[in-house]
Amino acid sequence: LISAASEDGLEEPLSQCNEAVEPAPVPSSSTLPPITAVPLQGELFTSRDIDHLMSRLDVADASPTKAPAGVDRDTHAETTTNVAPRGPSPGGGTQNFGDISEEFYRSHGIQVPQPAATDKIKTDKAEHDWTKREFVLPDRSALKEQIQSMSSWFEEDNVAGPPLPSSSTRSGPRTPASAPVADLKQVAEDASLAGTSGAESEVLRKLEAIKQRKVYGEKAPIQDLRELAGKIKPLLPTMKLERLVQALQLFASARFEDHDLYLRILGEIPVQVRGISPVLLTTCLRVLRRLALPEETYLELFSMEAMNMIRAKRKPQARAPRRPPAVGAARQGAQTSTEQSTLTPKPPPARLEDIAPFSITELIHIGNSLTILGAKHPARFMDVFQEQLAIAIPQMSQQECELVSPCLALSQLMPDNLRRQFLDRCAAVNAGEEILEARGEAAPDIAQYQREAADRRRRVKHYRNIFVFEASVRKETFSFFSSLSPDVRKFLDRVHEGSQRLPKQQPSPLALQVATVLDQLGVTCDVARQMGPLTLHVVAKATNPRAEVSDVIYECNDVQAYYALRKEDKGSTPVLTVATTMRHRLLQRLGAQLVHINIWEWQSMSEAQRVNYMVKLQSL
């Protein structure tokens, strides 16, 4: 029985309707959200980009228009097509004229030929198939497999192929126009790997290919990474500094866990550290931060080298003139003011060139890495870094203010006077402002769209730092908060109100496992509850009637909450990172009573032991 939904939500047969049901209008293409056609990386489309766009088109085409409440999906699909209804109309109207060919046969006394039954059946069947069948999307699986196979051939050629000859070794006539032209990205990689050995360049090319596939969501096999690590270890003593840092960055980007490899690469850097550039030094510290390797030797090496590089680029300052000879006490008091105004030179205003050789972003990355890794700052380094930071803070942009980690903003590297300047700058550039959504354009300017998308991704990744810093200043250093200017406190109040609209953070794998066990026990739990700017891991309903609180907050300390352990440190107690310790302290200040669940204890339990462990925690 075909039915239609009435206005009040009830259903009634079509035969009882007084009026015919008109087909619903098909939604126009302008009402559907446009699919932005831009490559995921670079300005040229590749086969993977085309495959990604075709997959998005399949998803958009396969999602039908939503049927009204009470209407069957097939009925709604049939009524929303543009096919005109055949046969008698629902109102009972019929055709009022005959077939002209039959009238011709009768007027001439000729018998009217009857159509064959088989032809009529075929015609009716074809007509029925055309009007009744559902639209089926064409299967593009074979085409996708062919594109992927072609892409793998191209990648194998780029990885395993010999490097392009340099301009000094090329000879002979030019390549004809019909010959294949090398990819621009491949030419750039060949130029960057010029002067390296064949085995070394082969390993780096394969690591670059793994990094490119990571952009499209493909994960590198662990066996391939182990093979590349085994090939590059004997080559480390002969590699240049740039190639050492590149290999360190590429292995860390592939999330390869082999601390012996990273320590071997880091062990070759001190020999060539005198020729390190600001970019390479910043990259080394960022990789150590990503790997959570608090190696004191290398942290001290890089911090002292950064101090020496800043001192070498520092411009010589005008020295104060020598003091005049001693005079009597009566004349000394009268000449004090005139000497200070005439003899003491005023320092020149700070300019952007004064923070050389490190840029503002590199300076922030250095401070973030050192503070998050828990480095011990020598007094000489602290003086030089704070001097550069005082010059950089008034010139920070909105993204650079949001890039500053709360660990850096509350550390010894940023004392109270610099912290006040930093908050003044955050209020001036409106740090923590709400992130706007991307404009829906089908074919935007590729370069501009990718720049805006990259800026948006960076802001999404870091702009929560402002909200955490505001909560820490308000809860942990209230005396400092009270001494701020009214404009800064008004800015912090706006940030405090906006913390409730922050997107929820994704739960960790350990939090999901704990929530699964609680669900098996019949305990209601939540993994997306917000407390201030932070998202709680697991909030479960208390089952103990004698408990003082109604909810139990489980803090799931996953692998990312600890510093990395080396092979010789296995069996020792892991150490929480500075960021994790700061999170726990802030949650306690906000009034949360945390019950900690550590990943090391959780992994050593069986399924039954985990259930008993959670029952014990719920009964406390």
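Placed above this text is the structure.
Residues numbered from 1 in each chain as written. Predicted model: local features only at pLDDT ≥ 70, side-chain atom pairs only at ≥ 80, totals over all residues. Heavy atoms only, no water.

**What about the nonpolar core?**
(1) Moving on: One finds Phe-251, Leu-281, Met-396 and Phe-422 to be the most contacted residues of the largest nonpolar core, which totals 92 residues.
(2) Moving on: Those residues in contact with Phe-251 that sit more than four places away from it in its chain are Leu-207, Leu-225, Leu-228, Ala-229, Ile-232, Phe-256, Leu-261 and Tyr-262.
(3) Moving on: In this structure, Leu-518, Val-538, Ala-561 and Ile-599 belong to the second largest nonpolar core, which totals 20 residues. (Core = buried A, V, L, I, M, F, W, Y, C linked by side-chain atoms within 4.5 Å. Buried < 20%, exposed > 50% of the residue type's maximum accessible area, 1.4 Å probe, protein only. Contact = heavy atoms within 4.5 Å.)

**Some words on helix 23 (residues 509-520)**
(1) Moving on: With 12 residues, helix 23 ought to run about 16 Å at 1.5 Å a step, and its terminal C-alpha atoms sit 17 Å apart, in line with that.
(2) Moving on: The set of residues buried in helix 23 consists of Leu-510, Ala-511, Val-514, Ala-515, Val-517 and Leu-518. Along the axis of helix 23, the buried positions cluster into a sector of 160 degrees, meaning they face one direction only. Of the residues in helix 23, the exposed ones pointing more than 90 degrees away from the buried face are Pro-509, Asp-519 and Gln-520.
(3) Moving on: In this fold, the buried residues of helix 23 make contact with strand 3 (525-526), strand 6 (538-541), strand 7 (551-557), strand 8 (594-598), helix 25 (599-603) and helix 26 (607-618).
(4) Moving on: Directly beyond the C-terminal end of helix 23, a positive phi value near 80 degrees is found at Gly-522. (Helix = DSSP H or I, 4+ residues; strand = E, 2+ residues; numbered from the N terminus. Expected span 1.5 Å × (residues − 1). Arc of directions from axis to C-beta.)

**Some remarks on the side chain of His-584**
(1) Moving on: As for its position among the elements, His-584 is in helix 24 (residues 578-589).
(2) Moving on: If we ignore the near neighbours within four places in the chain, the residues touching His-584 are Glu-555, Asn-557, Leu-576, Leu-594 and His-596.

**Section: the packing of aromatic side chains**
(1) Moving on: Counted by the stated rule, this structure contains 6 aromatic pairs.
(2) Moving on: Between the aromatic rings of Phe-422 and Phe-469, the centroid separation amounts to 5.8 Å while the plane-to-plane angle is 55 degrees, which identifies the pairing as tilted. In this pair, Phe-422 sits in helix 18 (residues 416-429) while Phe-469 sits in helix 20 (residues 464-476), placing the two residues 47 residues apart along the sequence. Each member of the pair, Phe-422 together with Phe-469, is buried.
(3) Moving on: Ring centres of Phe-478 and Phe-481 lie 6.0 Å apart, and the angle between their planes is 35 degrees; this geometry places the pair in the tilted category. Taken together, the residues Phe-478 and Phe-481, both in helix 21 (residues 478-482) and 3 residues apart, mark about one turn of the helix.
(4) Moving on: Directly above the aromatic system of Phe-480 lies the positively charged group of Arg-419, at a separation of 5.8 Å from the ring centroid. (Phe/Tyr/Trp six-rings, centres within 6.5 Å; stacked < 30°, edge-to-face > 60°. Lys NZ or Arg CZ within 6 Å of the ring centre and 35° of its normal.)

**Some details on the side chain of Asn-557**
(1) Moving on: Note on placement: Asn-557 falls in strand 7.
(2) Moving on: Judged by its relative accessible area of 2%, Asn-557 is buried.
(3) Moving on: A distance of 3.2 Å separates polar atoms of two side chains, one belonging to Asn-557 and the other to His-584.
(4) Moving on: Here His-596 takes part through its side chain, which lies 3.4 Å from a polar atom of the side chain of Asn-557. (Polar contact = N/O pair within 3.5 Å; in protein donor to acceptor, adjacent residues only side chain to side chain.)

**A few points about the packing of helix 9 (residues 241-253) against helix 11 (residues 278-291)**
How two helices pack is summed up by the angle between their axes together with the distance between the axes.
(1) Moving on: Closest axis-to-axis distance for the helix 9/helix 11 pair is 10 Å, and the angle between their directions is 30 degrees. The pairing of helix 9 with helix 11 is recorded here as roughly parallel in orientation. Between helix 9 and helix 11 lies a crossing whose hand is left-handed. For the pair helix 9 and helix 11, the contacting residues are Leu-241, Glu-242, Val-245, Leu-248, Gln-249, Ala-252 and Ser-253 in the first and Leu-280, Thr-283, Cys-284, Val-287, Arg-290 and Leu-291 in the second. (Axes fitted to C-alpha atoms, helices over the stretch in contact; angles between N-to-C directions. Parallel < 35°, antiparallel > 145°, perpendicular 65-115°, else oblique. Left-handed = near helix turned anticlockwise from the far one by under 90°.)

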